[in-house]
Amino acid sequence: MEFDFAAEQPKFLMLMYGLIAFVAVVGGLLLLLDVVPSYFARRREAQLVAASASGAPLPRRRKQREGVFAFFFLLPTLLLLAVGLVVPAIRTTLLSFMDSGSDNWVGLDNYRWMFAEDSIVRVLINTLIWVLLVPLVATAFGLIYAVLVDKARFEAVAKSLIFLPMAISFVGASIIWKFVYAYRGEGDQIGLLNQIVVSLGGEPKQWLLDSPLNTFLLIAIMVWIQAGFAMVVLSAAIKAIPADIVEAARLDGTTPWQMFWRITVPSIRPALIVVVVTISIATLKVFDIVRTATNGNYDTNVIATEMYNQAFRYQENGQGSALAVFLFVLVIPIVIYQIRNLRKQREG
């Protein structure tokens, strides 16, 4: 089959335009972040050398000029935030007060629907279960890993294996665990979980069809992924505990259990808060695992998947936007708490 260049010309033009745009954006950023600052730095250095050679007083920095210069650096970030976050957030909020076609204002009807529809209430309950269990269980496993692996013989290898799930995408991890939960009627099972059940004399079952058990099985996937992240952060915090504190506790006859609760946990409290907050935000936004493993069926939907369904599958823009706004509102208190916690640490 011969290649028809004329027929593919529009695609090549589109590719060329994309490359030109990419070069322009990257070149512009390099210009802003490298060439321009270097120019002002060399100019400042020349002024200082000239003043030193002539015996004149050194030129002072102008605070107003420094403010303009700082704004010059922040401008690209502010523009990207406005285009990618602020404007969509405002538009989504406005759409949440409109009907499915975004033509008429309906007030708070979409929010009333959210708490009146039984299926959506189930979605909210599922999300609550995720947010309560995943951060606590993942952090607990991460802390256990960090304590057990710390100063072990093969510490680097063990940490690499534990952290490995973080290198896998949520979709890839969900596919792996679907094989773990797989069901094949009677006889030999390809699913690890069903094979264990059969070897113990039980009957295989379709794990992902039974509610609410399927929700907890999906939560196990998220815990498996996030435990490695928790382990890395908490392990670094444990290693940062002053050696004199640990040595003094041992000289006082502290048992390993007392050492864990009275020395280790209080010393790494800031790291524990960071891990719990980070995993909580990631859990609120979970979409890939539910979408890949069950597609939200069998009462496993969470807010993110239901928001996608309402907005893109059912063309209910108002209801989908209301779910998006509600999800955003849930994230705000966590972010505010983390900001206040960081400020306290800096002041302390």
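Right above here is the structure, for reference.
Every chain begins its residue count from 1, and numbering advances along the sequence as written. Note on the predicted model: pLDDT of at least 70 is required for a residue's local features to be given, and 80 or more for side-chain atom pairs to be given and counted; whole-chain, interface and lining totals, by contrast, use all residues. To obtain the side-chain values, all non-hydrogen atoms of the structure were included, while hydrogens and water were left out.

Participant: Explain the packing of helix H5 (residues 155-163) against helix H8 (residues 213-239) to me, please; I cannot follow it from the model alone.
Facilitator: Each pair of packed helices gets described by two things: the angle between the helix axes and the distance between those axes. Where helices are involved, their axes are fitted lines through C-alpha atoms of the stretch in contact, as for all axes, and angles between N-to-C directions lie from 0 to 180°. To qualify as a helix, a DSSP run of H or I must reach at least 4 residues; to qualify as a strand, a run of E must reach at least 2; elements of each kind are numbered from the N terminus. Contact pair H5 / H8: the axes reach a minimum separation of 8 Å and the direction vectors enclose 145 degrees. Between H5 and H8, the residues in contact are Glu155, Lys159, Ile162 and Phe163 and Gly228, Phe229, Met231, Val232, Ser235 and Lys239, respectively. Residue contacts are defined here by distance: any two heavy atoms, one from each residue, within 4.5 Å place the two residues in contact.

Participant: In this structure, what is going on with a positive patch on the surface? I would like to understand it.
Facilitator: A patch is a set of surface residues, each over 30% in relative accessible area and not in a salt bridge, joined within 9 Å for like charges and within 5 Å for the nonpolar side chains Val, Leu, Ile, Met, Phe, Trp and Tyr. With residues, only the protein chains shown are counted as cover, and all accessible areas are computed by Shrake-Rupley using a 1.4 Å probe. A side-chain nitrogen of Lys or Arg and a carboxyl oxygen of Asp or Glu constitute a salt bridge if their distance falls within 4 Å. Note on charges: Lys and Arg go in the positive column, Asp and Glu in the negative column, and His and the chain ends are not counted at all. Charge positions are represented by NZ for Lys, CZ for Arg, CG for Asp and CD for Glu. A surface patch of positive charge is lined by Arg269, Arg340, Arg343, Lys344 and Arg346. For the positive patch, the element with the most residues is helix H14 (residues 317-347), which contributes four residues. When you line up the elements, Lys344 lands in helix H14. Since its relative accessible area comes to 61%, Lys344 is described here as exposed. Exposure classes here rest on a 1.4 Å probe applied to the protein chains alone. A residue is buried below 20% of its type maximum, exposed above 50%, and partly exposed in between.

Participant: When you look at the environment of Ile334 in this model, what are you seeing that I'm missing?
Facilitator: Here Ile334 lies in helix H14. In this structure the C-alpha to C-alpha distance between Ile334 and Thr278, which are 56 residues apart in sequence, comes to 9.0 Å. Discounting chain neighbours no more than four positions away, the residues touching Ile334 are Val277, Ser280, Ile281 and Leu284.

Participant: So what exactly am I meant to see when it comes to the packing of helix H4 (residues 118-149) against H8 here?
Facilitator: Where H4 contacts H8, the two axes come as close as 6 Å, and the packing angle between them is 40 degrees. The angle between the axes of H4 and H8 places the two elements in the oblique class. As H4 runs across H8, the sense of the crossing is right-handed. Residues are grouped as follows: nonpolar covers Ala, Val, Leu, Ile, Met, Phe, Trp, Tyr, Cys and Pro; charged covers Asp, Glu, Lys and Arg; every other residue, Gly included, is treated as polar. Here the contact of H4 with H8 is built from residues that sort into 21 nonpolar, six polar and no charged. Roughly parallel means an angle under 35 degrees; roughly antiparallel, over 145; roughly perpendicular, 65 to 115; everything else is oblique. Two helices that cross are described as forming a left-handed crossing if the nearer one is turned anticlockwise from the farther one by less than a right angle, and a right-handed crossing if clockwise.

Participant: Got a minute to help me understand the pattern of salt bridges in this structure?
Facilitator: Opposite charge on two side chains allows them to pair when their charged atoms are near. Applying the stated criterion across every chain, the model contains four salt bridges. Ionic pairing is found between Asp109 and Arg112, a salt bridge with its closest N-O pair at 2.7 Å. You can see Asp109 and its partner Arg112 sitting in helix H3 (residues 109-116), three residues apart, about one turn around the helix. We classify Asp109 as partly exposed; its relative accessible area is 41%. On the basis of relative accessibility, which here comes to 54%, the residue Arg112 falls in the exposed class. The shortest N-O distance in the salt bridge between Glu155 and Lys239 comes to 3.0 Å. Here Glu155 is found in helix H5, whereas its partner Lys239 is found in helix H8, with 84 residues between them in sequence. Judged by its relative accessible area of 15%, Glu155 falls in the buried class. Residue classification places Lys239 among the partly exposed residues on the basis of a relative accessible area of 45%.

Participant: So what exactly am I meant to see when it comes to a nonpolar patch on the surface here?
Facilitator: There is a patch of nonpolar side chains on the surface, built from Phe71, Leu74, Leu75, Leu78, Leu79, Leu81, Leu85, Val86, Val87, Ile90, Leu94 and Trp105 and spanning about 1,200 Å² of accessible area. With respect to the secondary-structure elements, Leu74 resides in helix H2 (residues 63-95). What makes Leu74 partly exposed here is its relative accessible area of 48%.

Participant: Any chance you could explain helix H10 (residues 256-267) here in plain terms?
Facilitator: An α-helical segment advances 3.6 residues per turn. Residues three or four places apart therefore align on the same side. Within the span of H10, buried status applies to Met259, Phe260, Ile263, Thr264 and Val265. Check the buried side of H10 and you find it contacts H4, H8, helix H9 (243-251) and helix H11 (269-284).

Participant: Is there a simple way to explain the packing of aromatic side chains in this structure?
Facilitator: Both the distance between ring centres and the angle between the ring planes are used here to describe each pair of aromatic rings. Here a Phe, Tyr or Trp ring, Trp counted by its six-membered ring, pairs with any other such ring whose centre lies within 6.5 Å, and the pair is stacked when the planes are under 30 degrees apart, edge-to-face when over 60, and tilted otherwise. Within the structure shown, the criterion is met by ten aromatic pairs. Relative to Tyr111, the ring of Phe97 has its centre 5.6 Å away and its plane inclined at 45 degrees; by these criteria the two rings are tilted. Of the two residues, Phe97 sits in the loop between H2 and H3 while Tyr111 sits in helix H3, which places them 14 residues apart along the sequence. Taking the relative accessible area as the measure of exposure, Tyr111 reaches 17% and is therefore buried.

Participant: Got a minute to help me understand the environment of Ile90 in this structure?
Facilitator: Within the element layout of this structure, Ile90 appears in helix H2. In this structure Ile90 comes out as partly exposed when scored by relative accessible area, which is 49%. With 235 residues separating them along the chain, Ile90 and Val325 place their C-alpha atoms 9.7 Å apart.

Participant: Honestly, the side chain of Ser96 in this entry has me stumped. Any pointers?
Facilitator: Here Ser96 is to be found in the loop between H2 and H3. For the purposes of these results, a polar contact is taken to be a pair of N or O atoms within 3.5 Å, where, inside protein, one atom must be able to donate a hydrogen and its partner to accept one; residues adjacent in sequence count only when each atom of the pair is a side-chain atom. Of the polar contacts made by the side chain of Ser96, one reaches the side chain of Tyr111; its length is 2.8 Å.

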